[in-house]
Structures are given as structure tokens and as C-alpha cells.
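Report on the structure
Chain residues, written in single-letter form:
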Amino acid sequence: MVFSIERRKQDIKALKEETLDVLIIGGGITGAGTALQASASGLKTGLVEMQDFAEGTSSRSTKLVHGGLRYLKNFDVEVVADTVQERAVVQGIAPHIPKADPMILPIYDEPGSTFSMFSLKVAMDLYDQLASVTGTKYANYTLTKEEVLEREPQLKSEGLLGAGVYLDYRNNDARLVIENIKRAAADGGHMVSRMKVVNILHDENNKASGATVEDLLTGETFDIKARVVLNSTGPWSDTIRQMDAKLDAVPQMRPTKGVHLVVDREKLHVPQPTYFDTGKNDGRMVFVIPREEKTYFGTTDTDYKGDFAHPTVDQEDVDYLLEIVNNRYPSADIKLDDIESSWAGLRPLISSNGGSDYNGGNSKPIKDESFDKVISTIEQFQKGEVDRYTVEDVLKNIETGNSESEDNPSAISRGSALDIDEDGLITVAGGKLTDYRKMAIGAMKAVIEILENNFNLSYELIDSAKYPVSGGEINPQEVDEETEKFAQLGIEKGLIESEATYLAHLYGSNAPKVFALIDEIEQIEGLTLADTASLRYAMDEEMALTPADFLIRRTNHMLFMRDTLDDIIEPVIAEMARYYGWTDEAKAAHTVKLNTAIAESDLKKLKGDGNR
């Protein structure tokens, strides 16, 4: 069955009538990944999300599947090994989403630099070995100062020593979520957005046994019964636990806010993702990344205590990023008015981890003797004087001080935690996007164990490392070739090459379904044929229920195609109103919500205050 509003009605009916094996609260990447594994493993699975899927944290990242090279400054090999290995798994199950995009890391002679040219080369060589790309086309290399400036002429030349280039991956965070959700739905899971949990239910033994929910589309309230309840709500994790009347929940989350700003590539042109120290001697680093015909940069990393559902970009966020980027690219001279779009998101950090090092902050250096011993041993290894096991032994025994100094012993991945409260409520929180599948595995093992011990139900967890998400049925080794074949189908249907290629990359192995719609629908006045097919597919197959769902999270139109956004707003809203049968009042309400989101992304309030 298609994943449309009609499917939503049937899923709600099932949620009212069935007793689920697991009810997952939260439709971000962790909840979506867990739902995929649960549904594929045969569990009766339900997932409820109070917003759109991925509307919170999981559509507001830096949009990379980042390898964590910075950890190698402290030779935190285990973390980087886990990260790059898991990144490879994600690329294998969702090959149309993470795409290899080598990163350039300029090195400056200034206080507090994360790397010197020497330590960067050592780190990159280790990184390549851990990522198994040594000797491939993605192997790292260094650039001289002159070569760096030839590649990125706008970069500041003063103090520039050179750069390293190493493998990293760009990502489409919201697409990764919806493709997991769609696969879970295809496997029988009941995935429902705009469904808010208002209470945790308990059985006669005071064990969590479901939730009372409110349908935010209709206002209806009803109970969902479940044998196990899993809380995967990210920044809202404490809110759900505190909603549980049987718990005296101690808050464990410490969300931080990250902001990204987008400008036209003509204003700031970088040929590839670039990653550098802030120049403020604060231990932090910033990304500058090309996307479509734009360039975006970020991120900030500040403690956040506001409305979790509505983080916004403040003037101080803009000032911080513009100061850094204008320092590194002096000729760009980016001002507030140059910012075309923006986004702010929250990271669900766990307070016991001591701090966020998302973009390099708060790291403590290893002791000098440990650093010297590692460098010496690696030099001996490169000369063939010691074997790999000697290097590994040294790396395992160095004294290192990482910002996440007290990782929870129950952590599934770095910075994550899996907790089972006394009433059986499972909470999985923290972690990084790259680790979502591993976090889901940890959560699923806990769910299956409870079902076995308490309900005498046995399930075998699928091997999710080999189970593709929706759209991911592509040979990971031949992504470009297969995507080109998909694009050709679109061209044959009348699309221009750039449109067909864009849609083929966006939808992966589902692209033929999108192109097939061209024969069934009429082109919408004011939209291209490609946008017409994409919009119809989003409503038929991707549960896009509002204009913002389509323009922000099913596509990236609002963020990276701002130039053409105004032209398509009215036809998109008109077609969605026709498709869903909205009243004039409902149509007006959706229009106001979309315009509000666009105004926030455009930073109209800041620009209107006269701040330049």
C-alpha cells in the first residue's frame, strides 16, 4: 500500500485496535531506524511523531555523514574506527543518500590550531587505514599553500601553511529519515506523524503499556496499547520520561543549538567541502559546504533552554559565523542581507558526557609523552621497524582527555545512552546521526529481550547492515552508473537532463516510480514537470501533509533553491489543497505556516531590524 493520507487512516485504525509489540515515540532518525528494524524483524510496530517525520533535530544537521577526523588529534582511534565503519554501512544500505565528497582542511599558523601539517598527515593516514581507503582514489593527500589558493582563491592567504584532503560524505538528513520510515511502513509498521503523546499508560503491574495520543490533524484522543514503549524523542527525551507518572525522572539531556547559514555560490565559492579552525583559539571548527548552486556554513554550538519545537537563528549566531567566515574568506565580505536561507537545530546531548565536541570544541590534548610515543611508533611502522599490532597497542594505551569524559557505561555509541526505567520504559538518547543504526540495534535488543522474558514472544533481529532503506536498492559500488540509468528514464519521459539527474539522486531506486507518474498526471500550471511529479509522489508515497513537508523536508527547495521558491509556493499550495480537499480556512492556515517558516529561514526579523 502507498504511504499516503489514506494509509494514515488505516494505520490509526490499527493503532486503536491492536496491541503492539513496540510503540516507538519519536520520528527522527533514531526512531525511524528502530522502526525499520522492528518492522523488518516481524514485530507489530507503531511509531508516532508529533510533528512531521524529521522535523526536529534530524532535518537540521550539518548534512554530512562525518568521519570525525578531529578525534585523531587525540588519537581517539576507537571512535573514528567505529564512525567510518558505520558510515560505510549506511552508504551501503542507503547508497543514494550519503555521497563521497572529499573534504579540504586548510592549516593556518596561529595559536590553538587543531592540526599542524605534520600531525594532520599522520591523522589522515590513520583515518584512511581505518576507513579502508588507503591506496584508492579516495586516499588522502596534502596541498601546498599555492595549491590551496589555486583551488580556493577566496581563502585567506596570511598564515596559510597548506591543507589536507580526505574522504568525507555529504548527506541529506531528512531524506534518510523518510526512506527509513517508508521501508518500515512497507514492512507493515504503522508510521504516523502529527500524533502527539500526552500520557504514558501502565498495566496492572505498573509497567509501561502504551500511550494516550492526540491526533493533531483531527483533535481526536485515543489510547495505543503496546507491550514495550520506546522513547526516542531526542531533545524531548526528558519530557516524555517526566510525563510518565510512575517515574521520578531525573533530567539527563543538555541540548545545544547549531545554526547554519546559506549564501549564493557567487558570493562564496568553494569547490568542495572545507573544514577549518575558527581562528578564535577556542578549539572549535567550522564547515563551509557547496550544495546545489549555494554555499552554506556552520555550525554554532551553544546551550539551549528555549522551545525545543522552535529553535531560531539569533543575531549573535549570525555575528559569530560571519566573523569567522569573513576572516577566512576576506574578499567574500558576507553581510546579513547576503544570507538567503538558514536553519537552527538542536543536538540531543547527554549532560553526563561533559560537553559537546560536535565541531571540535572542549577537547583536551593528550599528554606530551603520549603524543611523542605515538608519533615515534607510527614513524617506525612506516619504516617497517614495528608491526601493526605494536601501533595498535600504543594507541590503546595512550592517556587521552576527551570532552565526553564520562561516557555512560550503557552507551551504544559515543555520546549515546540506553536506559530502561523501573516501569520498563526504554529511552535511547544522544549519539550522532552516523550511529543511528547502531543505536537502533541496541534499542531493539532491549525490546526483544523484554518481549522474550515478559511475554514469551521470540523474534530474531534482522541484519540491518544488509537491509536497504526505501530507494536504496542500488549496488553501492555502482551508484553513479545506476543513477545515470534512472535519470535516462526521466529524460525519456520529457524531463531535461538536469531535472532527471536531480530526481534520480533524490529518490534512488524509487526514481522510476516518480518518472512513471508523468504518464498519469497533468503538469501543474506554475510548476515544472519535474516538480509536478515530485509533489505528487510526496503526497502519494511520502506522507507529505503540508507545503512545508514538501518544500523543506521531502526536497531542499527552501534551503538551497531559494531563488525559485516564491514562484512555486502558490501552485504547490493550490495542488495540495485540491489533493487533500482543504477548506479555504485550512488552505489559508497552511499558507500562513509556510510563510512563517520562510520568513524565519530568510531571517526577515533580523534584517528588518536594520542590523547589517
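Model, not experiment: these values are computed from the prediction.

1. Details of the overall build of the chain
- Regarding its fold elements, the chain presents 20 helices and 20 strands.
- Against the globule reference of 25 Å for 612 residues, the chain gives a C-alpha radius of gyration of 24 Å, in line with a compact fold.
- A burial count over the chain gives 60% of its 612 residues as buried.
- As displayed, the chain has an accessible area near 24700 Å², and 47% of this comes from carbon and sulfur atoms.
- Across the chain, the centroid of the 66 positively charged side chains sits 1 Å from that of the 103 negatively charged ones.

2. Some remarks on the domain arrangement of the chain
- Domain annotation of the chain identifies domain 1 (5-58 + 174-252 + 414-455) and domain 2 (479-602).
- Computed over C-alpha atoms only, the centres of domain 1 and domain 2 are separated by 29 Å.
- Taken together, the contact between domain 1 and domain 2 spans 14 residues of the former and 13 residues of the latter.
- The junction of domain 1 with domain 2 conceals about 1200 Å² of combined surface from both sides, 53% of it contributed by carbon and sulfur atoms.
- By the criterion of area lost to domain 2, the three top residues of domain 1 are Ile5, Arg175 and Lys182, representing 41% of everything that side buries.

3. A closer look at the packing of helix H13 (residues 497-507) against helix H15 (residues 529-541)
- The interhelical angle for the contact between H13 and H15, taken along N-to-C directions, is 20°, at an axis separation of 10 Å. It follows that H13 is roughly parallel to H15 by the angle criterion. Considering how the two elements wind past one another, H13 and H15 form a crossing that is right-handed. Contacts from Glu499, Leu503 and Tyr507 in H13 reach Ala530, Ser534 and Tyr537 in H15.
- Per-class residue counts for the contact of H13 with H15 are four nonpolar, one polar and one charged.

4. Overview of the pattern of salt bridges
- Per the stated rule, a full pass over the model turns up 42 salt bridges.
- In this structure, arginine 553 and glutamate 55 form a salt bridge, with 3.8 Å as the shortest nitrogen-oxygen distance. Separated by 498 residues along the polypeptide, arginine 553 in helix H16 (residues 547-554) and glutamate 55 in the loop between strand E2 (45-49) and strand E3 (64-65) bring together distant segments of the chain.
- By relative accessible area, arginine 553 is classed as buried at 5%.
- Each of the salt bridges in this network shares a partner with another, and the network as a whole consists of Asp52, Glu55, Arg194, Asp549, Arg553 and Arg554.

5. Topic: helix H4 (residues 117-131)
- Spanning 15 residues, H4 covers 21 Å between terminal C-alpha atoms, matching the ideal 21 Å at 1.5 Å per step.
- Across the 15 residues that make up H4, a large majority, eleven, are buried.
- Along H4, the residues that are buried comprise Ser119, Leu120, Val122, Ala123, Met124, Asp125, Leu126, Tyr127, Asp128, Leu130 and Ala131.
- Just downstream of H4 lies serine 132, where phi reads positive at about 55°.

6. Topic: the sheet that holds E3
- Strand order in this open sheet of three strands is E3-E8-E4, and the pairing throughout is antiparallel. A strand with exactly one partner marks an edge of an open sheet, and here the two such strands are E3 and strand E4 (99-100).
- By the bridge criterion, two bridges tie E3 to strand E8 (residues 169-170) in an arrangement that is antiparallel. Residue pairing across strands places leucine 64 opposite arginine 170, the latter belonging to E8.

7. Some remarks on the UniProt feature "domain: FAD dependent oxidoreductase" (unreviewed entry) in the chain
- Per the UniProt record, the feature "domain: FAD dependent oxidoreductase" (unreviewed entry) sits at residues 21-352.
- Secondary structure across residues 21-352 divides into 26% helix and 30% strand, with the first and last C-alpha atoms of the span separated by 31 Å.

8. Topic: the packing of H16 against helix H18 (residues 562-580)
- Running from N to C, H16 and H18 point in directions that differ by 135°, and their axes come no closer than 9 Å. Relative to H18, the element H16 is oriented oblique. Contact residues: H16 offers Pro547, Phe550 and Leu551, while H18 offers Leu565, Ile568, Val572, Ile573 and Met576.
- Split into classes, the residues belonging to the contact of H16 with H18 amount to eight nonpolar, no polar and no charged.

9. Description of unusual backbone geometry
- For the peptide bond that leads from glycine 298 to threonine 299, omega is 20°, which places it in the cis range.
- Mapping threonine 299 onto the fold places it in the loop between strand E16 (294-298) and strand E17 (302-303).
- One non-glycine residue, glutamate 292, lies in positive phi territory at about 55°.
- When you line up the elements, glutamate 292 lands in the loop between strand E15 (285-291) and E16.
- Backbone geometry places asparagine 456, a non-glycine residue, at a positive phi of 55°.
- The residue asparagine 456 is located in the loop between helix H11 (436-455) and helix H12 (479-492) in this model.

10. Focus: the environment of valine 250
- Note that valine 250 resides in the loop between helix H7 (237-243) and strand E13 (256-264).
- For the pair formed by valine 250 and aspartate 238, sequence separation is twelve residues and the distance between their alpha carbons is 7.8 Å.
- The contacts of valine 250, once residues within four sequence positions are left out, are Asp238 and Arg241.

11. Focus: the environment of glycine 189
- With respect to the helices, strands and loops of the structure, glycine 189 is situated in the loop between helix H6 (173-186) and strand E9 (190-193).
- The exposure class of glycine 189 is buried, given its relative accessible area of 0%.
- Remark: the alpha-carbon pair of glycine 189 and alanine 88, spanning 101 residues in sequence, is separated by 26 Å.
- Setting aside chain neighbours within four positions, we find glycine 189 in contact with Arg7, Asp11, Ser39, Thr45 and Ala184.

12. Notes on the side chain of lysine 99
- Note on placement: lysine 99 falls in strand E4.
- Aspartate 480 is the oppositely charged side chain nearest to the buried, salt-bridge-free lysine 99, at an N-O distance of 6.0 Å.
- When sequence neighbours within four positions are dropped, the list of residues in contact with lysine 99 reads Asp168, Tyr169, Arg170, Val479 and His505.

13. Section: a negative patch on the surface
- A contiguous patch of negative charge on the surface is contributed by Glu478, Asp480, Glu481, Glu484 and Glu497.
- Per-element accounting of the negative patch gives the leading share, three residues, to H12.
- Here glutamate 478 shows up in the loop between H11 and H12.
- Classification of glutamate 478 as partly exposed rests on a relative accessible area of 38%.

14. Some details on the nonpolar core
- If you look at the biggest cluster of nonpolar residues, it comprises 107 residues, and the most contacted ones within it are Phe53, Leu69, Leu72, Leu105, Ile181 and Met191.
- Mapped onto the domain boundaries, this core takes at least three residues apiece from domain 1 (5-58 + 174-252 + 414-455) and domain 2 (479-602).
- In this structure leucine 105 touches Leu69, Phe115, Leu120, Gly162, Ala163, Gly164, Tyr166, Tyr275 and Met285, once residues within four positions along its chain are discounted.

Procedures and definitions
Residues numbered from 1 in each chain as written. Predicted model: local features only at pLDDT ≥ 70, side-chain atom pairs only at ≥ 80, totals over all residues. Heavy atoms only, no water. Helix = DSSP H or I, 4+ residues; strand = E, 2+ residues; numbered from the N terminus. Rg over C-alpha atoms; globule rule 2.2 N^0.38 Å. Buried < 20%, exposed > 50% of the residue type's maximum accessible area, 1.4 Å probe, protein only. Areas by Shrake-Rupley, 256 points an atom, 1.4 Å probe, with all protein chains shown as cover. Lys, Arg positive; Asp, Glu negative; His and termini not counted. Charge placed at Lys NZ, Arg CZ, Asp CG, Glu CD. Domains from an automatic or database assignment. Contact = heavy atoms within 4.5 Å. Buried area = accessible area lost by both parts, 1.4 Å probe. Axes fitted to C-alpha atoms, helices over the stretch in contact; angles between N-to-C directions. Parallel < 35°, antiparallel > 145°, perpendicular 65-115°, else oblique. Left-handed = near helix turned anticlockwise from the far one by under 90°. Nonpolar A, V, L, I, M, F, W, Y, C, P; charged D, E, K, R; others polar. Salt bridge = Lys/Arg side-chain N within 4 Å of Asp/Glu carboxyl O. Expected span 1.5 Å × (residues − 1). Pairing = 2+ DSSP bridges. UniProt positions renumbered as here; feature names shortened; annotations may be inferred. Patch = residues over 30% accessible without salt bridge, like charges linked within 9 Å, V, L, I, M, F, W, Y side chains within 5 Å. Core = buried A, V, L, I, M, F, W, Y, C linked by side-chain atoms within 4.5 Å.

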